[in-house]
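# Coordinate analysis (summary)
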Amino acid sequence: MSRISRWFDPGPLPAQSESRGRDSGLTILGCLGLAALLWLIQAQGGGYVVHMTTLAGLFAVLAVSYNLINGVTGQFSLEPNAFVACGAYVTALLTLSPAEKEMTFILEPLIWPFAVISLSLPVALVIAGLVTTLMAFVMGFPVFRVRGDYLAIVTLGFGEVIRVIANNAQSVTNGPLGLKGIPHLTNIWWAWGLAAVTLFVVMRLVNSSYGRALKAIREDEVAAEAMGINAFWHKMLAFTVSAFFEGVAGGLLGHLITTISPSLFTFFLTFNLLIIIVVGGLGSTTGAVLAAVLFTFGGEWLRVVEEPLDLFGLDIPGIPGMRMVVFSLILMACMIFARQGILGKHEFSWRWLIALARRRGGRA
Amino acid sequence: MTHPGLLRVEGLVCRFGGLVAVDGLSLVLGQGQLMGLIGPNGAGKTTVFNLLAGAVRPTAGRIFYRDHDITGHKAHRINRLGLARTFQNIRLFGELSALDNVLVGFHGRLEANFLSAILRLPGYVAAERRMLDRAAELLDLVGLGGLQDERAGNLAYGQQRLLEIARALATRPCLLLLDEPAAGMNPQETAQLAVLVRRLRDELGLTILLIEHDMHFVMNLCETLVVLDHGKVIARGDPARVRRDPGVVEAYLGAEVDLDAREAPGA
C-alpha cells in the first residue's frame, strides 16, 4: 500500500446497514449542492467555463460507461471511439434539418431515411443510444471469443473500422468533410443530467448481484463459469450498457461542438478515456467521474506552463507543447506513487468520508 | 428418492497432444455416496474433475448426470444442473469480500433480470435479502461466520479452502467435487474439515467426490476409493481393500520395492 493510500485509509468501516438512511440523505444533499454549483457556473461563469463544464460532464459519462467494461468486468477493450462516433453521427443525422443536410452533402446526396427526417434531440439521442447498443451487440459475438491482449487488439481494430467507414461512406457520413451546422443544443443540464442517469444506472448495476457476477468474471473467469455464471452474456450485458451511454454521450458531444468529422473519433479519444479510468482507479465508478473532471480542466490549468514565466528573476519564454510534457510527468508520478489510481478499486462513500474525518479529527 | 447412478462415467478419455491424461475411466457414483479419487501426482485426477465440471472437453467417452448426457456441456450449464466444484489451486475472487464470494455462487440461480436489479423492483430486493441470509448461513456452516467482510485474498490458506466450499454450496449442488480440500491445512484444520465433509453428506444429503493426498484423511472419510495412475483406474473398492492392493503400493512407491533388500546393508 502506498503512502498516499495509507493516508486515506480510515480503517474498518461501520456496516452499511447502520448508515443507509443517513447516506441516502447525504447523497441527495450532495446532488442538490452540485446542481446549485452548476447553476452558479451557468449564471456567472463565462461561455468558456460553461463549455468546459459541459464537456467534463460528457467525459464523466464516457469514463463511467467505459469503466464498466474495462474496470468492473475486467475486459480490456479499446473501442469507445467507435461507439461515440456512432452516437454522434446518428444523432446529428436525425436532428439536422433536411435543408441543412442538402447543403452539407455536396459530393453525394444523403441516403433516403436520413435525408427527409428531422427529429427532436431527446428522440434522436434515444435512437442513437439504441443503434449503438445494437452495434455493440453484433460486435460482441466475435469480440468476446477472445480474452486479454487479443480482446484489446480486436476491439482496437473495430474502432478503426468504424472510423474508416465514417471516412468513406460518403452518402451517409459525408466522408472526411464531416457534418457541420449541427444545432448547439447541448447545455450543462443535458451533460450533467446524462451523467447523473449514467451514474445511477451503473452504480445500481455494479452494486447488484449482476455487478458481483461482473467482478467475479474480472477476478477469475474460470471460477465464475464453474459457479454457474454465463461469462459471455454477462460481458455482453456490460458491453451493451456501456455502449448505450457512450452512444448518447457521443450524440450530445456532436451537439456541443456543432461540427463532427472522422478525425475527431480516432484512437486518441479512446486513449484519453483510458488514461481517465486508469488514473481514477480501474473499477472505481466514482473515481472515473473524479478523473474525468480533473482531466478536462487539468488540460486547461496546465496552459499556465506554456505562458512566459518569470521564475525567481529567471525569464522563461513560453514553450508551446510544454503542457503535454508536464502532463506526462504528472501521469508518471501518478503511476509511481498511486499505482492503483486515485481511488483504486474503492468507491467514494459517505461512510468512508465520515470515518476518515473522525480518524483525522481524533488524531489532530 | 436416492438415485443409484447420480453420476455415470463411461470410457472417458482425455488427450492433450501426445499425453493421455485420462485413459478410459468409467465409474458410477450413487446418490449420497462419499467417494475418494486418489493416485500419485500427475495421475490425471484433476483432469477428471475438469472433464466432469465442463472446464475441459473429453476426447472420447460419455458423462451422464441424473441420466442426462452432459458430455462437453459448458461449465456454467453443468453447474446449474447441480454439480459444483472447488479448485486445487484456490480460485477465489480475491478482491471481493468473503460474503460477496458466496453471493456470487447464488447468481446463477437468480430469477430477477438485470432491469429489475437496476430498478430494485420488489422481486429483486426479496431475492437479494434471501441470498444474504443464506450466504451468512453458509459462512457459519463452514466456520467463517465472523469473517464475512474480509477480503477473500487476505484469508488464511485453510480459510480460503473453506470459503471455496461455501461458495460451491451456494450454487445449490447435489454433487460436490472437492479437489484436495485439505491441502495446506494443519492437522487440527484437517480434522475439522473431515467433520464438515461428513456433515455435508449426512445433513445436506450431498453426494461427494473428493481428491486428496492426505491418506489418513481419505481412508477415514471415504467409503469407496478409486485409484488412478497414468489416467487408468488401477484399483477400486473400500479403503481397507485398496490399502492392501499390490498395484496401489507399487504406483505410490515406484517400482517393486523390496523392503528386505533395502534393510540389508544396515544389517
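What counts as what
- Residues numbered from 1 in each chain as written.
- Chains lettered and ligands numbered in written order.
- Predicted model: local features only at pLDDT ≥ 70, side-chain atom pairs only at ≥ 80, totals over all residues.
- Helix = DSSP H or I, 4+ residues; strand = E, 2+ residues; numbered from the N terminus.
- Rg over C-alpha atoms; globule rule 2.2 N^0.38 Å.
- Buried ≥ 20, exposed ≤ 12 C-beta atoms within 10 Å, placed from the backbone.
- Contact = placed C-beta atoms within 7 Å.
- Nonpolar A, V, L, I, M, F, W, Y, C, P; charged D, E, K, R; others polar.
- Expected span 1.5 Å × (residues − 1).
- Pairing = 2+ DSSP bridges.
- Axes fitted to C-alpha atoms, helices over the stretch in contact; angles between N-to-C directions.
- pLDDT = per-residue confidence, 0-100.
- Parallel < 35°, antiparallel > 145°, perpendicular 65-115°, else oblique.
- Left-handed = near helix turned anticlockwise from the far one by under 90°.
- Core = buried A, V, L, I, M, F, W, Y, C linked by C-beta atoms within 7 Å.

## Some words on the overall build of chain A
Along the backbone of chain A there are 17 helices and 2 strands. The C-alpha radius of gyration of chain A comes to 22 Å, within 12% of the 21 Å expected for a compact globule of 364 residues. Its C-alpha atoms put chain A at 70 × 70 × 40 Å along the principal axes. Across the 364 residues that make up chain A, the buried fraction comes to 42%. When contacts within chain A are restricted to residue pairs at least 6 apart in sequence, long-range pairs at least 24 apart make up 81% of them.

## Some remarks on the interface of chain A and chain B
With 22 residues of chain A in contact, the opposing surface of chain B contributes 29 residues. Among the elements of the structure, helix H10 (188-206), helix H11 (209-219) and helix H12 (221-226) of chain A are those that each provide at least two residues to the side of chain A that touches chain B. Examining the composition of the side of chain A that touches chain B, we find that 7 residues originate from one element, H11(A), more than from any other. Considering only residue class, the side of chain A that touches chain B consists of 11 nonpolar, 4 polar and 7 charged.

## With respect to helix H14 (residues 267-280) of chain A
Residue and element names in this part refer to chain A. Counted at 1.5 Å a residue, the expected span for H14 with its 14 residues is 20 Å, and the 20 Å between its end C-alpha atoms agrees. When we look at burial in H14, the residues that qualify are Leu-269, Thr-270, Leu-273, Ile-276, Ile-277, Val-278, Val-279 and Gly-280. At its buried positions, H14 is contacted by helix H3 (47-72), helix H4 (80-95), helix H8 (148-168), helix H15 (285-301) and helix H16 (322-337). Among the residues trailing H14, Gly-281 stands out with phi positive, at a value near 110°.

## Considering helix H13 (residues 231-257) of chain A
Residues and elements named next belong to chain A. Compared with an ideal rise of 1.5 Å per residue, which puts 27 residues at 39 Å, H13 spans 38 Å between its outermost C-alpha atoms and is within 8% of the ideal. By the criterion of burial, H13 is predominantly enclosed, with 22 of the 27 residues buried. Note on H13: the residue one or two positions beyond its end, Thr-258, has a positive phi of about 65°.

## Digging into the sheet that holds strand S5 (residues 68-69) of chain B
Residues and elements named next belong to chain B. With respect to topology, 4 strands assemble into an open sheet ordered S2-S1-S4-S5, the strand pairing being antiparallel. If you trace the sheet from one side to the other, it starts and ends with strand S2 (19-29) and S5, each paired once. The pairing of strand S4 (residues 60-65) with S5 spans 2 bridges and is classified as antiparallel. If you follow Tyr-65 over to S5, its bridge partner there is His-68. Across the face of the sheet, helix H1 (residues 45-52) comes into contact with strand S1 (7-16), S2 and S4 while running at roughly 65° to S2.

## Description of the confidence of the model for chain B
Residue and element names in this part refer to chain B. Confidence in the prediction of chain B, expressed as mean pLDDT, is 90, and 94% of residues score 70 or more. The model gives residues 257-267 a pLDDT under 50, and that stretch makes 0 contacts with residues more than four places away or in other chains. Under the prediction, the complex receives an ipTM of 0.90, its pTM being 0.90.

## Section: the packing of H11(A) against H13(A)
Residues and elements named next belong to chain A. Their axes nearest at 10 Å, the elements H11 and H13 cross at an angle of 110°. When the interaxial angle is binned, H11 and H13 end up roughly perpendicular. H11 and H13 meet at a crossing whose hand is left-handed. Counting all contacts with H11, which are made through Tyr-210, Ala-213, Leu-214 and Ile-217, the residues of H13 involved are Ala-231, His-234, Lys-235, Leu-237 and Ala-238. A breakdown of the residues in the contact of H11 with H13 according to their chemical character gives 7 nonpolar, 1 polar and 1 charged.

## A word on the packing of H10(A) against H13(A)
All names here are of chain A. Two numbers describe how H10 lies on H13: the axes approach to 11 Å, and their chain directions differ by 175°. Classified by the angle between their axes, H10 and H13 sit roughly antiparallel to one another. For the pair H10 and H13, contact is made by Trp-190, Ala-191, Leu-194, Thr-198 and Leu-205 and by Val-241, Phe-245, Val-248, Ala-249 and Leu-252, respectively. Taken together, the residues that form the contact of H10 with H13 break down as 9 nonpolar, 1 polar and no charged.

## Comments concerning the nonpolar core
Counting 172 residues, the largest nonpolar core has Ala63(A), Ala292(A) and Ala166(B) as its most contacted members. Beyond its immediate chain neighbours, meaning those up to four positions away, Ala63(A) contacts Leu273(A), Ile276(A), Ile277(A), Gly280(A), Ala288(A), Val289(A), Ala291(A) and Ala292(A).

## With respect to the pairing of strand S3 (residues 34-38) of chain B
Residue and element names in this part refer to chain B. Where burial is concerned, most of S3 is hidden: 4 out of the 5 residues are buried. Bridge count between S3 and strand S8 (residues 207-211): 4 bridges; the pairing is parallel. Across the sheet, residue Leu-37 finds its bridge partner in S8, namely Ile-211. Where S3 meets strand S9 (residues 224-229), 4 bridges bridge the pair, whose relative direction is parallel. Bridging from a neighbouring strand, Met-35 pairs with Thr-224 of S9.

## Focus on the confidence of the model for chain A
The share of residues in chain A with pLDDT of 70 or more is 96%, and the mean pLDDT across the chain is 89. When pLDDT is averaged over each helix and strand of chain A, the minimum, 62, is found for helix H1 (residues 3-7) of chain A and the maximum, 97, for H13(A).

## A closer look at the sheet that holds S8(B)
Residues and elements named next belong to chain B. The 6 strands lie next to each other as S6-S7-S8-S3-S9-S10, forming an open sheet whose pairing is mixed. In the strand order of this sheet, the two ends are held by strand S6 (83-85) and strand S10 (232-237), each with one partner. Averaged over all pairs of adjacent strands, the angle between their axes in this sheet comes to 20°, without regard to strand direction. Bridge count between S9 and S10: 5 bridges; the pairing is antiparallel. Counterpart to Leu-228 in the pairing with S10 is Val-233. Contacting S9 and S10, helix H10 (residues 246-253) runs over the sheet at an angle of about 130° to S10.

## Describing unusual backbone geometry
A positive phi angle, near 65°, is found at Asn174(A), a position not held by glycine. Along the chain, Asn174(A) falls in the loop between helix H9 (170-173) and H10. Using a count of 25 C-beta atoms within 10 Å as the deciding quantity, one classes Asn174(A) as buried. The backbone of Arg120(B) sits at a positive phi, close to 50°, despite the residue not being glycine. Mapping Arg120(B) onto the fold places it in the loop between helix H4 (114-118) and helix H5 (122-142).

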